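# Architecture and fold: a report
What follows is each chain in one-letter form.
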Amino acid sequence: AQSVSQHNHHVILSEAASLELGCNYSYGGTVNLFWYVQYPGQHLQLLLKYFSGDPLVKGIKGFEAEFIKSKFSFNLRKPSVQWSDTAEYFCAVIPSGGYNKLIFGAGTRLAVHP
Amino acid sequence: EAQVTQNPRYLITVTGKKLTVTCSQNMNHEYMSWYRQDPGLGLRQIYYSMNVEVTDKGDVPEGYKVSRKEKRNFPLILESPSPNQTSLYFCASSVDRGRVYNSPLHFGNGTRLTVT
């Protein structure tokens, strides 16, 4: 079945460590890609998005993601995490022709210890 | 302040007792959608609406109804709730009708529903 896969359900890091969260999708054709973040007790907020052009996308709060078409991946990275990055992160995809349907991955819970 | 407002934030009910979760946005957005969030499953779309009086099923519409009589409101109705509908529900809206990819979704703060 077509899907969005996030490999890590839980990640625990110390402050200043580097972060990479994996996201793979199984849709062919043109896709639009997103990362959303949900801080504890809050609603989802958009971190960054990719539609076309430079496959390295920069978002808010120092996050970036790289679209690798050959690997069907859109991994999220941050060189140095902070305690305030503790949150749940969701990768999401709008597949080709599905302009109304945003399909989410299962999410990755990140805990950053001071 | 631009926002999506859901009510109530928390709701505990019993099987079979009809309930409505309200959603209202003040941004004049055309597109609105309901999601449920479950551990290990992420967010799954229940219903969406591209405009007033236009609604369509998402991935998990069974057991839910919606209506879009006004642009700002998009209530989620559970006619006969069951325990498997215990979940965290989010309403979202977007400015672009039919071009969700081109504008971010604005989410409400969520409604945590427990059905016993």
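Everything in this summary refers to the structure shown in the same document. The shown structure was predicted, so the numbers you read here are calculated from the model rather than taken from an experiment.

### Details of the overall build of chain B
When helices and strands are tallied, chain B shows 0 helices and 11 strands. Ordered by position in the sequence, the α and β elements of chain B form the string β-β-β-β-β-β-β-β-β-β-β. For chain B, the C-alpha radius of gyration of 13 Å lies close to 13 Å, the compact-globule estimate for 116 residues. When its C-alpha atoms are laid out on the principal axes, chain B stretches across 40 × 30 × 30 Å. Taken over 116 residues, chain B has a buried fraction of 52%. Pairs at least 24 residues apart make up 55% of the contacts formed inside chain B by residues separated by at least 6 positions. Of the roughly 5400 Å² of accessible surface on chain B, a fraction of 48% belongs to carbon and sulfur atoms. The averaged location of the 10 negative side-chain charges in chain B is 4 Å from the averaged location of its 14 positive side-chain charges.

### Side note on the side chain of Ser87(B)
All names here are of chain B. Of note, Ser-87 is situated in strand β9 (residues 87-94). Classification of Ser-87 by relative accessible area gives buried; the value is 5%. Residues within four places of Ser-87 in sequence aside, it is in contact with Arg-36, Gln-37, Asp-38, Thr-111, Arg-112 and Leu-113.

### Here's the deal with the interface of chain B and chain A
As a measure of interface size, the accessible area lost when the parts come together is often cited. Listed as interface residues are 25 residues of chain B and, on the opposing side, 21 residues of chain A. Between chain B and chain A the total buried area reaches about 1800 Å² when both faces are included, carbon and sulfur atoms providing 55% of it. Between the two partners, chain B and chain A, sit 0 salt bridges. Where chain B touches chain A, the interface holds 3 residue pairs in polar contact (both at pLDDT 80 or more). Mapped onto the side of chain B that touches chain A, the elements with two or more residues apiece are β4 (31-38), β5 (42-51) and β9 of chain B. When residues in the side of chain B that touches chain A are grouped by element, the largest group, 5 residues, is from β5(B).

### Topic: the packing of aromatic side chains
Scanning all chains against the criterion turns up 15 aromatic pairs over all chains. Ring geometry for Tyr50(A) versus Phe74(A): centroids 6.5 Å apart, planes at 45°, classification tilted. Of this pair, Tyr50(A) sits in strand β6 (residues 44-50) while Phe74(A) sits in strand β9 (residues 73-78), and the two are 24 residues apart along the sequence. By relative accessible area, Phe74(A) is classed as buried at 0%. Judged by centre distance (6.1 Å) and plane angle (45°), the rings of Tyr35(B) and Phe107(B) are tilted. One end of the pair, Tyr35(B), is in strand β4; the other, Phe107(B), is in strand β10 (residues 106-107), with 72 residues separating them in the sequence.

### Examining the side chain of Thr13(B)
When you line up the elements, Thr13(B) lands in strand β2 (residues 10-13). When neighbours within four sequence positions are excluded, Thr13(B) is seen to be in contact with Leu19(B), Leu113(B), Thr114(B), Val115(B) and Thr116(B).

### Examining the state of the cysteines
As enumerated under the stated definition, the model contains 2 disulfides over all chains in all. The residue that forms a disulfide with Cys23(A) is Cys91(A), at a sulfur-sulfur distance of 1.9 Å. Because the torsion about its S-S bond is -65°, the bridge between Cys23(A) and Cys91(A) counts as left-handed. In this pair, Cys23(A) sits in the loop between β3 (19-21) and β4 (24-25) while Cys91(A) sits in strand β10 (residues 87-94), placing the two residues 68 residues apart along the sequence. Residue Cys23(A) shares its accessibility class with Cys91(A), and that shared class is buried. Two residues share a disulfide in this structure: Cys23(B) and Cys91(B), whose sulfurs sit 1.9 Å from each other.

### A word on the pattern of salt bridges
All told, the structure shown has 9 salt bridges over all chains when counted by the stated rule. For the salt bridge of Asp38(B) with Arg36(B), the shortest nitrogen-to-oxygen distance reads 2.9 Å. For Lys65(B), the salt bridge identified is with Glu79(B), shortest N-O distance 2.9 Å. Pair noted here: Lys65(B) is in strand β7 (residues 65-66) and Glu79(B) is in the loop between β8 (76-78) and β9, with a separation of 14 residues, a long-range link. Residue classification places Lys65(B) among the partly exposed positions, given a relative accessible area of 42%. Counted as one network, the salt bridges with shared partners bring together Lys58(A), Glu64(A), Glu66(A) and Arg77(A).

What counts, and at which threshold
Residues numbered from 1 in each chain as written. Chains lettered and ligands numbered in written order. Predicted model: local features only at pLDDT ≥ 70, side-chain atom pairs only at ≥ 80, totals over all residues. Heavy atoms only, no water. Helix = DSSP H or I, 4+ residues; strand = E, 2+ residues; numbered from the N terminus. Rg over C-alpha atoms; globule rule 2.2 N^0.38 Å. Buried < 20%, exposed > 50% of the residue type's maximum accessible area, 1.4 Å probe, protein only. Contact = heavy atoms within 4.5 Å. Areas by Shrake-Rupley, 256 points an atom, 1.4 Å probe, with all protein chains shown as cover. Lys, Arg positive; Asp, Glu negative; His and termini not counted. Charge placed at Lys NZ, Arg CZ, Asp CG, Glu CD. Buried area = accessible area lost by both parts, 1.4 Å probe. Salt bridge = Lys/Arg side-chain N within 4 Å of Asp/Glu carboxyl O. Polar contact = N/O pair within 3.5 Å; in protein donor to acceptor, adjacent residues only side chain to side chain. Phe/Tyr/Trp six-rings, centres within 6.5 Å; stacked < 30°, edge-to-face > 60°. Disulfide = S-S within 2.5 Å.

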